[in-house]
Amino acid sequence: MTTAPLETTTPIAGPGLSHRTIYWIGFCVIMALLVIAPLVLPAFWRRFLTEVLIWGLLAMSSDLLIGYTGMVSFGHSVFFGLGMYGAAAALLLFSPPNLWLAIGFGLAGAGAAALFVAYFSTRLRDIYFAITTLIFSQIFYVIIFTWTAMTGGENGLIFTRPHLTIPFLYDARFNGATMHWFVLAMVTASFLILRRITQSPFGAVLQSIRENEARTRAIGYPVQLYKIVAVMLSGLFAGLAGVLYAIQNEFAAPDFVYFITSGDTVIFNVMGGIGTLVGPIVGAGFFQLLRELLSRLFGDQFPYLIPLGVIFIVMIIFLPQGLLGFARRWLNR
Amino acid sequence: MSAASDPLVQIDELHTYYGKSHILHGVSLQVGRGEVVGLLGRNGVGKTTTLKTIIGLVSPAQGRIAYEGRPITDIATHRLARLGIAYVPEERRIFRLLTVIENLRTGLDRDGVSDNRKRELLDKVFAYFPVLAERRNQAGGTLSGGEQQMLAIARAMMLEPKIILLDEPTEGLMPRMVSQIHQIIDALHQDGVAILLVEQNVPLTLAASQRIYIMEKGAVRHHCMASEVTVNDPVIHQYLGV
Amino acid sequence: MDAVAGFFQSIPIELIIVQTINGIVTGMILALVASGLTLIFGIMDVVNFAHGELFMLGAYCGVIVFALTGNFWVALITSALTVALFGAALQIATLRPLVGRDPLTTILATFGTSLILQNYALWQFGPVARKIDEPISAQFTLFYLQYPWYRLVIAGLSAAIIGGFWLFLKHSKFGVWIRATTQDRVMAQAMGIPVPWVLTGVFALGAAMAAASGVLFAPLAGVNHTMGLDWVLKAFIVVVVGGMGSLGGSIAAAIFISLLEAYASIWVSPAQAVIVSFVVLILTLLFRPTGLFVPTPK
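Quick summary incoming for the structure in this document. (Residues numbered from 1 in each chain as written. Chains lettered and ligands numbered in written order. Predicted model: local features only at pLDDT ≥ 70, side-chain atom pairs only at ≥ 80, totals over all residues.)

**Here we look at the overall build of chain C**
Step number 1: Looking only at helices and strands, chain C features 13 helices and two strands.
Step number 2: Against the compact-globule benchmark of 19 Å for 298 residues, chain C has a radius of gyration of 20 Å, which places it among compact chains.
Step number 3: Each of the three principal axes of chain C carries a C-alpha extent, and together these read 65 × 55 × 35 Å.
Step number 4: Here chain C holds 298 residues, and the buried ones make up 51% of them.
Step number 5: In chain C, the share of contacts with a sequence separation of at least 24, taken over all contacts with a separation of at least 6, comes to 74%. (Helix = DSSP H or I, 4+ residues; strand = E, 2+ residues; numbered from the N terminus. Rg over C-alpha atoms; globule rule 2.2 N^0.38 Å. Buried ≥ 20, exposed ≤ 12 C-beta atoms within 10 Å, placed from the backbone. Contact = placed C-beta atoms within 7 Å.)

In structure tokens:
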């Protein structure tokens with residue numbers, strides 16, 4: 001019996017850490033900071049951060065369409081609003097108010113709206129798509145605003161927050177910290193799912209549609225079907241944001257269905273950097289922070305949207321890729 | 001062999017890119033006042049790009065373009081047109097939905113042109129192209145290919161240009177029309193208008209031009225008087241032969 | 001069938017005629033607003049989100065000039081000119097830098113502008129509505145109503161402005177420039193047409209039309225900072241239904257939708273009559289997405 005010469009092959013280590021490692025380390029660091037936040041921040045800023053996360057989720061959902069499929073939608077106010085009203089419905093109709101039922105109703109409402117809007121608007125391209133989604137958001141606004149019996153009309157609906165219930169494990173009222181963590185958990189889960197989607201074959205087709213729709217169709221993909229699914233997915237996550245907002249603030253109002261909310265969403269996207277998923281969250285934070293700063297410096301009555309609008313336009317002209325746009329490729333690997 | 005000592009248009013070492021593609025690799029040429037200069041070469045060598053760079057539709061990455069001695073690389077296209085550089089593109093590109101008269105008006109309605117002068121110019125152009133006079137109120141899109149080519153040249157003449165950049169005027173035209181184009185080029189030359197003629201039709205180019213340049217792969221490879229070569233010349237075969 | 005016939009017979013014919021006139025009046029204002037929008041979109045490929053705000057600014061400008069001079073017509077003309085200049089400045093500052101970029105960026109830029117203008121108006125003028133007096137307060141008897149002459153004047157003036165503009169486009173030098181630029185921007189430049197200024201001019205014209213509509217509309221319902229939003233949305237619907245980029249289509253669609261809404265308000269409140277325009281939009285998108293009043297492309 002001859003013993004083979006002892007050969008140990010050591011894998012050649014590349015210089016430094018791999019992309020995956022750096023990405024996930026960064027992710028964990030940020031997550032850790034966000035988890036600790038409610039314990040160290042004063043109540044106002046804790047709430048602020050929670051709301052930024054919710055708007056960030058809304059903006060992230062919109063990024064799936066804008067950044068990855070190349071479709072600018074002004075209809076997200078509908079999905080957000082119906083998520084809100086759907087949750088309101090569940091919380092008002094069923095006693096005791098159940099958290100998961102609220103989420104379910106909200107998602108169902110947003111999904112249905114998304115399907116409806118998608119069916120009509122995906123027939124058109126580009127600008128026409130954007131305009132049509134805008135018009136639809138206003139249609140829903142008018143319906144909600146005038147159907148007072150169902151939706152409370154102008155005044156909206158008020159309801160009580162459900163308990164945070166994890167079946168068999170936990171049942172207690174939300175407090176500031178647990179609310180924040182719950183929202184963080186939902187937003188993080190959404191981020192991971194959306195990231196998975198953008199990196200899947202489905203996501204690759206979406207990006208192909210963004211790059212060259214005609215060619216994608218020529219290759220044989222049913223482009224309109226993909227677009228409808230994209231809008232629906234986007235709508236679901238936007239609806240989730242609406243549910244979270246409703247639960248946190250305990251009211252639903254037609255103001256949020258007005259197209260201005262859609263406009264704000266697009267602003268978060270552009271400021272943060274489209275096509276990055278995290279960019280829009282940063283954009284939402286940046287916007288809210290500026291707004292807070294301006295109102296502290298110049299008082300509550302100051303029309304903060306004027307300087308914000310100017311910054312927005314200046315960014316479109318000189319920094320169209322947004323705050324995180326420069327890292328777009330890196331963030332998507 | 002060189003043009004007059006103060007050329008009308010002078011191009012030196014022009015480099016242009018389209019995205020990452022390097023189209024023009026250091027093109028240099030001259031057109032003297034009132035000269036007809038031919039620019040020959042196979043498809044895709046950069047002849048049209050050269051014309052487009054002169055008229056400001058393409059920005060050069062490197063190189064200089066001078067018109068009447070002044071550098072013009074930073075001047076906008078519409079200003080260049082008013083300074084006397086007219087462009088007649090490959091596909092003619094007349095305004096299809098405007099009438100013949102309206103097409104002509106786009107070049108005619110300039111500052112500093114009196115109504116009398118406008119009438120004179122119109123009369124002159126209708127004398128050159130009686131067919132256009134007949135069809136003056138018809139929409140440009142209803143004209144035949146040859147008539148559209150005439151309109152394109154007539155329109156350029158409305159600018160009272162010092163030089164016309166003429167891109168493949170005989171493409172797709174019948175032989176009868178080709179000789180008509182030759183006559184027009186001669187008439188313009190008599191009038192003192194310089195022409196930079198890009199063409200695939202070698203006999204026409206050699207007959208109509210005083211000097212010719214031959215381009216290959218984005219640069220000028222050969223330059224001589226038109227009288228020095230014939231259609232069957234080895235040089236012609238080398239760069240343009242089938 | 002008898003029940004249906006009975007139903008329609010129960011509506012007094014006078015009401016239908018009055019609503020027809022009302023529909024045409026609103027339709028003409030809407031047509032004027034939508035024309036400006038179509039003009040800017042058709043020639044510049046820009047979806048002008050700020051169009052409603054230009055309408056609103058025009059109305060406010062009218063209020064100010066009217067307070068100074070007491071003359072409605074001076075207010076109308078001054079307002080149109082002022083907003084035209086402002087529109088030109090706006091185009092040069094925010095849209096010229098974006099020429100050649102993704103058309104999406106212009107939607108975003110004009111959206112940003114509309115936010116700024118709306119909030120500026122709220123800040124400067126406050127939330128309380130202002131009013132302008134009608135220049136002609138005489139009324140005439142239409143059946144059982146005292147119908148204001150002014151409303152007919154609005155319709156007539158709007159039609160005159162649109163008609164005047166159409167003539168301008170067809171016959172004047174600038175009209176030829178605009179049409180040439182629309183068809184082939186590159187060759188227009190090669191013909192010496194100063195295309196960047198043509199685009200600025202077109203935007204200014206569209207802005208002037210919006211401002212004029214605003215002043216004309218002001219005596220009817222008052223002026224406040226949100227008035228632009230409702231109109232711009234309807235104008236967008238009109239533009240889509242009429243066929244994007246088609247001037248004739250926009251006008252036809254404006255009158256069509258306004259008439260339907262006027263008839264609908266016989267039964268429902270005006271706030272709900274708005275649903276009519278939404279239904280028309282949905283039907284158009286389903287069956288003739290290129291526009292109801294545009295010949296179907298081959």
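**Points about the overall build of chain B**
Step number 1: A tally of regular secondary structure across chain B gives nine helices and 10 strands.
Step number 2: Relative to a compact globule of 242 residues, whose C-alpha radius of gyration would be 18 Å, chain B shows 18 Å and is just as compact.
Step number 3: When the backbone C-alpha atoms are referred to their principal axes, chain B occupies close to 45 × 40 × 35 Å.
Step number 4: Once local pairs closer than 6 in sequence are excluded, the contacts in chain B between residues at least 24 apart make up 69%.

**As for the sheet that holds strand β8 (residues 194-199) of chain B**
All names here are of chain B.
Step number 1: Pairing is mixed in the open sheet, where six strands are placed in the order β6-β7-β8-β3-β9-β10. Of all strands in the sheet, those with a lone pairing partner are β6 (85-88) and β10 (219-225), marking the two edges. Across the sheet, the mean angle separating the axes of adjacent strands is 15° when strand polarity is ignored.
Step number 2: The pairing of strand β3 (residues 36-40) with strand β9 (residues 211-216) spans four bridges and is parallel. If you follow G38 over to β9, its bridge partner there is I212. (Pairing = 2+ DSSP bridges. Axes fitted to C-alpha atoms, helices over the stretch in contact; angles between N-to-C directions.)

**Observations regarding helix α10 (residues 223-249) of chain A**
Step number 1: For α10 of chain A, built from 27 residues, the straight-helix expectation of 39 Å at 1.5 Å per residue is met to within 8% by its first-to-last C-alpha distance of 39 Å.
Step number 2: Note on α10 of chain A: the residue one or two positions beyond its end, E250 of chain A, has a positive phi of about 65°. (Expected span 1.5 Å × (residues − 1).)

**So, the interface of chain C and chain A**
Step number 1: Each partner contributes residues to the interface: chain C has 33 residues there, and chain A has 28 residues.
Step number 2: Counting only elements with at least two residues in the side of chain C that touches chain A, the list comes to α5 (103-125), α10 (227-242), α12 (270-273) and α13 (275-287) of chain C.
Step number 3: The element best represented in the side of chain C that touches chain A is α5 of chain C, accounting for 15 residues.

**Concerning the packing of helix α2 (residues 43-69) of chain A against helix α11 (residues 259-272) of chain A**
Think of two packed helices as two axes; the pair is described by the angle between the axes and how far apart they sit.
Residues and elements named next belong to chain A.
Step number 1: It is the contact of α2 with α11, at a shortest axis distance of 9 Å, that shows an interaxial angle of 75°. Taken together, the axes of α2 and α11 are roughly perpendicular relative to one another. Within the contact between the two elements, α2 uses W55, L58, A59, S62, D63 and I66 and α11 uses T265, V266, F268, N269 and G272.
Step number 2: Its residues placed into classes, the contact of α2 with α11 shows six nonpolar, four polar and one charged. (Parallel < 35°, antiparallel > 145°, perpendicular 65-115°, else oblique. Nonpolar A, V, L, I, M, F, W, Y, C, P; charged D, E, K, R; others polar.)

**Re the environment of I36 of chain A**
All names here are of chain A.
Step number 1: Among the structural elements, I36 can be located in helix α1 (residues 19-40).
Step number 2: Since 10 C-beta atoms lie within 10 Å of it, I36 is described here as exposed.
Step number 3: Residues I36 and W181, 145 residues apart in the sequence, show an inter-C-alpha distance of 9.5 Å.

**Considerations on the nonpolar core**
Step number 1: Core analysis: the biggest nonpolar cluster contains 259 residues, and I163, L165 and I195 of chain B together with A211 of chain C have the highest contact counts within it.
Step number 2: The element that contributes the greatest number of residues to this core is helix α9 (residues 195-221) of chain C, accounting for 17 residues.
Step number 3: Those residues in contact with I195 of chain B that lie beyond four places of it in its chain are V36, I163, I164, L166, I185, L188 and H189 of chain B. (Core = buried A, V, L, I, M, F, W, Y, C linked by C-beta atoms within 7 Å.)

**Things to note about the environment of I24 of chain C**
Residue and element names in this part refer to chain C.
Step number 1: The topology assignment puts I24 in helix α2 (residues 13-44).
Step number 2: Note: C-alpha distance between I24 and L259 (235 residues apart in sequence) is 6.4 Å.
Step number 3: For I24, the contacting residues outside a window of four places in its chain are A155, I255 and L259.

The quantities given are spatial measurements derived from coordinates; they are silent on function.
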